[in-house]
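Examining the three-dimensional arrangement
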Amino acid sequence: MNKGVLYVVGGWGDLLIEDAFSDVQYAPIRDDGCPDAWRTNAARLNMPLYGHTMTVTLAAGRPSLVVLGGNAGQGNYFNNVQFAPLAPDRETGRFVFDTHQFAVPRWGQATVQYNNILYVLGGSQRGNGDYLNDVQFTVMGNQ
C-alpha cells in the first residue's frame, strides 16, 4: 500500500483561522529515513480542512488515502469520511465521500485502524466547546 511514502493532507496556515488548505503533498522516504523531494498531488480534498485525521487503508477493495472529520474554519466541523485510491506512482485519484459518517461532527480527534475498521476517538465538538470522550467507527471497503 504505497509503503515508504509520507503524505500531508490539508492543514492550517499561519494567517487566520480561515487559512485552511485542501492540497495533498507527498514525499518518498529515503533509505536513511528522510523524506525525498515533496510533490503536490493533482487531486485535492473536497474542502479545505485542518484538525482532521488521515490513514491509508483498503476502500472499495483498493489501497486508499482516507480523511476523517476536521474543521474547515469558522467552526465548521465535519463528520464525513472522504477517500481517494492510491496509484502505483504514489498520486491519489479524485477524493469522494464515503457513504459512512460518524454521529457527531468533530475535529482534533484520533483515528486508529484495526483490520478494516477505522475508530474515531474523542475530539472537540462544535457549540459548547465540549471535548468528546466517545468512540465512533466506520467500516471501509463496502461501497
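Higher on the page you've got the structure.
**Quick notes on the packing of aromatic side chains**
- Scanning all chains against the criterion turns up five aromatic pairs.
- Ring geometry for Y7 and Y26: centres 6.0 Å apart, planes at 35°, overall tilted. Taken together, the residues Y7 in strand β1 (residues 5–12) and Y26 in strand β2 (residues 20–28) connect sequence positions 19 residues apart. By the burial criterion, Y7 is buried, and Y26 matches it.
- Measuring from centroid to centroid gives 6.3 Å for Y77 and W107, while their planes differ by 75°, and the two rings are edge-to-face. You can see Y77 sitting in strand β6 (residues 77–85) and its partner W107 sitting in the loop between β7 (96–106) and β8 (110–114), a full 30 residues away along the chain.

**Looking at the pairing of strand β9 (residues 117–124)**
- The sheet contact formed by β8 and β9 spans five bridges and is antiparallel. The partner of A110 across the bridge, within β9, is L121.
- Here β8 hands over to β9 after two residues, with N115 in that stretch at a positive phi of 55°.
- Bridge analysis of β9 against strand β10 (residues 131–139) gives seven bridges, and the strand direction is antiparallel. In the sheet register, L118 faces β10, and the bridge partner there is T138.

Calculation notes
- Residues numbered from 1 in each chain as written.
- Predicted model: local features only at pLDDT ≥ 70, side-chain atom pairs only at ≥ 80, totals over all residues.
- Heavy atoms only, no water.
- Phe/Tyr/Trp six-rings, centres within 6.5 Å; stacked < 30°, edge-to-face > 60°.
- Helix = DSSP H or I, 4+ residues; strand = E, 2+ residues; numbered from the N terminus.
- Buried < 20%, exposed > 50% of the residue type's maximum accessible area, 1.4 Å probe, protein only.
- Pairing = 2+ DSSP bridges.

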